Amino acid sequence: MSSRHVEVNFDGLVGPTHNYAGLSYGNVASLSNAKATSSPRSAAKQGLAKMKALHDLGMVQGVLAPQERPDTHALRRLGFTGNDGEVLAKAAQQAPEIFQAVCSASSMWTANAATVSPGADTANGKVHFTPANLTNKFHRSLEPQTSGRILQSMFANPRYFEHHTHLPDNEHFGDEGAANHTRLCSSYDKAGVEIFTFGRYAFDSSKPAPSRYPARQTYEASQAIARLHGLSDETTVYIQQNPAVIDQGVFHNDVIAVGNQNVLFYHEQAFLDTEKKLHEIQQKFGSEPVYFIEVKTSEVSVEDAVQTYLFNTQLITLPSGKMAIIAPTECQENDSVADYLAQLVTRDTPIQQVHYMDVKQSMRNGGGPACLRLRVALNDTELAAVNPAVILTDTLFNRLNQWVDKHYRDELAVADLADPNLLDESRTALDELTQILKLGSVYPFQL
Ligand SMILES: NCCC[C@H](NC(=O)CCC(=O)O)C(=O)O
């Protein structure tokens, strides 16, 4: 019997403190929506609806739990004392920026949770996971330990899964996980080409780098991940992001390029040395041709790509073998992007369908459909070893919607973050969630 290989999307469940605090310099949406009122409940439901839509398309869909916020543990490390309520009140009053950062629900963007290399690519045949250290933004640098614990609880069997500690917490090894990592392969069971995209060289300031906005991922971090995962140089490619697009708001490569199997869909301005690098990808991919679908600036400007997240789409292979693009409704609302997608599916490429999803609550913080998911290619045996309680079914979908209705606020303004009840609400919700998803104790308040 031939075994089935699938790519599972593990979507981040939006946490109860989802808000717009304007924390991400270099991320245009985060800054332009700063201090707007959010809806944690609709954010979580939009996310769940996307998961359900992929499940209904016949995909295997997983759920990745959010993190404990506000992070009182981080505040204690920074010298705030007393009981939890006092710690929060003092921080909110004395250091509002730090306080807002420890309230962020940013773990919802699970493309930044980790880098994952499937067993077909690694030297020991195991699926490797390294949580991203996310050093460039304080609010995100609070995520890796808990991300690691949640991933270990979902992928627990050491026979199939290997977990690494996140890279040293330092800008030299700034690592943003799968958002800067693309895997191409002829089919999910075959060894693929792993493409690492980085923004700058940490140890060589003579190399190109953006001048306005930060480059979050370094070359040295990407190389460390490839070493940890036991990847071969023969099937690994490192590409530098074009610094000029980082300076226009492309803070992660998945804002300007997306790949799946034999397709790389990218903007003309995405990379440096594009021609040479595409040649290297094709050569390492092997004899079968890669579909390089390049979008010209004359078709879609970088500005429109950043506003609509045309490339932060999910490119998925349906059970039929055809590919579909899962795009945010912002793409539908922009004429040039909508026209582009309408004609793309009529062309002679594997991409045959577009599905639009409303993830506006996430988009307002700069997170599109692709930011919300972590991809893990698995064979049958590996999939059977995954904690089954995190795989979406109709029952789990309904259960999680009820859970959101019970615990989440409909509206949350930045000023509400200082409400002492929010911590209790959030912990009560997460405690129940760890039971629903059978995660065991993964949160600091449970340890
Ligand atoms: N891959 C998408 C990540 C989006 C994320 N936004 C944020 O953290 C915004 C949070 C805020 O501003 O409240 C980021 O920039 O890392």
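Residues numbered from 1 in each chain as written. Predicted model: local features only at pLDDT ≥ 70, side-chain atom pairs only at ≥ 80, totals over all residues. Heavy atoms only, no water.

1. Some words on the UniProt feature "active site" (unreviewed entry) in the protein chain
Selection rule: UniProt positions are given in the numbering used here, feature names are shortened, and annotations may be inferred rather than shown by experiment. Helix numbering and strand numbering both begin at the N terminus, where a helix is a DSSP run of H or I of at least 4 residues and a strand a DSSP run of E of at least 2. Throughout this description, buried means an accessible area under 20% of the type-specific maximum (1.4 Å probe, protein chains only), exposed means over 50%, and partly exposed covers the range between. Contacts are assigned to residue pairs that have any heavy atoms within 4.5 Å of one another.
The feature "active site" (unreviewed entry), as annotated in UniProt, sits at Glu 176, His 252 and Cys 371 in this numbering. Considering the C-alpha atoms alone, the annotated residues occupy 196 residues of sequence yet fold into one spot, their largest mutual distance being 11.1 Å. Following the sequence through the fold, His 252 ends up in the loop between α9 (243-246) and β9 (257-260). Note on His 252: relative accessible area 2%, which makes it buried. Dropping the residues within four chain positions of it, His 252 is found in contact with Asn 112, Glu 176, Ala 179, Asn 180, Arg 216 and Gln 241.

2. Examining the sheet that holds strand β15 (residues 373-379)
Stated precisely, the cut-off is as follows: Here a strand pair is declared whenever DSSP counts at least two bridges between the two strands. Axis geometry follows a simple rule: fit a line to the C-alpha atoms, using only the stretch in contact for helices, then measure angles between N-to-C directions, giving values from 0 to 180 degrees.
Strands sit in the order β2-β1-β15 across an open sheet of three strands; the sheet is mixed. Across the chains shown, the open sheet's two edge strands, defined by having one partner strand only, are β2 (61-64) and β15. For this sheet, the mean inter-axis angle between neighbouring strands, taken without regard to orientation, is 30 degrees. Bridge count for strand β1 (residues 5-12) against β15 is seven bridges, and the pairing is antiparallel. What sits directly across from His 5, in β15, is Asn 379. Set on the sheet, helix α2 (residues 40-56) makes contact with β1, β2 and β15; between it and β2 the angle comes to about 160 degrees. Along the sheet, helix α7 (residues 144-154) makes contact with β1, β2 and β15, crossing β2 at roughly 140 degrees.

3. A word on the site of the ligand
Inclusion rule: Proximity is defined per residue: if any heavy atom of the residue lies within 4 Å of a molecule or strand, that residue is considered near it. For the purposes of these results, a polar contact is taken to be a pair of N or O atoms within 3.5 Å, where, inside protein, one atom must be able to donate a hydrogen and its partner to accept one; residues adjacent in sequence count only when each atom of the pair is a side-chain atom. Methods summary: accessible areas were calculated by the Shrake-Rupley approach with a probe of 1.4 Å, and residue burial reflects only the protein chains presented. Side-chain classes follow a simple rule in which Ala, Val, Leu, Ile, Met, Phe, Trp, Tyr, Cys and Pro form the nonpolar group, Asp, Glu, Lys and Arg form the charged group, and the remainder, Gly included, forms the polar group.
As a matter of local geometry, the ligand sits amid 18 residues, with Leu 23, Ser 24, Ser 30, His 139 and Arg 216 nearest to it. The contact in question runs from an oxygen atom of the ligand to an N or O atom on the backbone of Leu 23, over 2.7 Å. Contact between the ligand and Arg 216: an oxygen atom at 2.8 Å from a side-chain N or O atom of the residue. Burial of the ligand by the surrounding chains reaches 99%, relative to a free accessible area of 430 Å². Partitioned by chemical class, the residues of the shell around the ligand number five nonpolar, eleven polar and two charged.

4. Comments concerning helix α8 (residues 219-228)
Glu 220, Ala 221, Ser 222, Ala 224, Ile 225 and Ala 226 are the residues of α8 that are buried. As for α8, its buried residues are in contact with β3 (114-117), β4 (127-131), β7 (193-198) and β8 (236-240). Where α8 terminates, the next one or two residues include Gly 230, which has phi positive at roughly 65 degrees.

5. With respect to the sheet that holds strand β5 (residues 161-163)
In spatial order, the strands read β3-β4-β5; together these three strands make up an open sheet with mixed pairing. Two strands close off the open sheet at either side, each with one partner strand: β3 and β5. Each strand axis lies, on average, 20 degrees off the axis of its neighbour in the sheet, ignoring direction. The strands touched by α7 are β3, β4 and β5; relative to β4, the strand with the most contacts, the crossing angle is about 155 degrees.

6. Observations regarding the packing of aromatic side chains
To keep things clear, this is the line we draw: Pairing of aromatic side chains here covers Phe, Tyr and the six-membered ring of Trp, requires ring centres within 6.5 Å, and sorts the geometry by plane angle: under 30 degrees stacked, over 60 edge-to-face, intermediate tilted. The criterion is that NZ of a Lys, or CZ of an Arg, lies within 6 Å of the ring centre and within 35 degrees of the ring normal, and then a charge sits over that ring.
Counted according to the given criterion, the structure contains 17 aromatic pairs. Taking 5.2 Å as the distance between ring centres and 75 degrees as the angle between the ring planes, the aromatic pair formed by Phe 10 and Phe 155 counts as edge-to-face. Remark: Phe 155 occurs in the loop between α7 and β5 and Phe 10 occurs in strand β1; sequence separation between them is 145 residues. Of the residues examined, Phe 10 reaches a relative accessible area of 0% and is grouped as buried. Of the residues examined, Phe 155 reaches a relative accessible area of 1% and is grouped as buried. Plain terms: the ring middles of Tyr 201 and Tyr 219 are 4.8 Å apart, the flat faces sit at 50 degrees to each other, and that makes the pair tilted. Highlighted residues: Tyr 201 in the loop between β7 and α8 and Tyr 219 in helix α8, separated in sequence by 18 residues. The side chain of Lys 52 reaches across the aromatic face of Phe 397, ending 5.6 Å from its centre. Between the NZ or CZ atom of Lys 207 and the centre of the ring of Tyr 201, over which it lies, the distance is 4.3 Å.

7. Some details on the packing of helix α16 (residues 394-407) against helix α17 (residues 421-436)
Selection criterion: Any angle between 65 and 115 degrees counts as roughly perpendicular, while under 35 counts as roughly parallel, over 145 as roughly antiparallel, and the rest as oblique. Handedness of a crossing is defined here by the sense of rotation of the near helix relative to the far one, left-handed for an anticlockwise turn of less than a right angle and right-handed for a clockwise turn.
Running from N to C, α16 and α17 point in directions that differ by 165 degrees, and their axes come no closer than 10 Å. With respect to their mutual orientation, α16 and α17 come out roughly antiparallel. Handedness of the α16/α17 crossing: right-handed. Contact with α16, carried on its side by Leu 396, Arg 399, Leu 400, Trp 403, Lys 406 and His 407, involves Glu 425, Thr 428, Ala 429, Leu 430, Glu 432, Leu 433 and Ile 436 of α17 and no other residues of that element.

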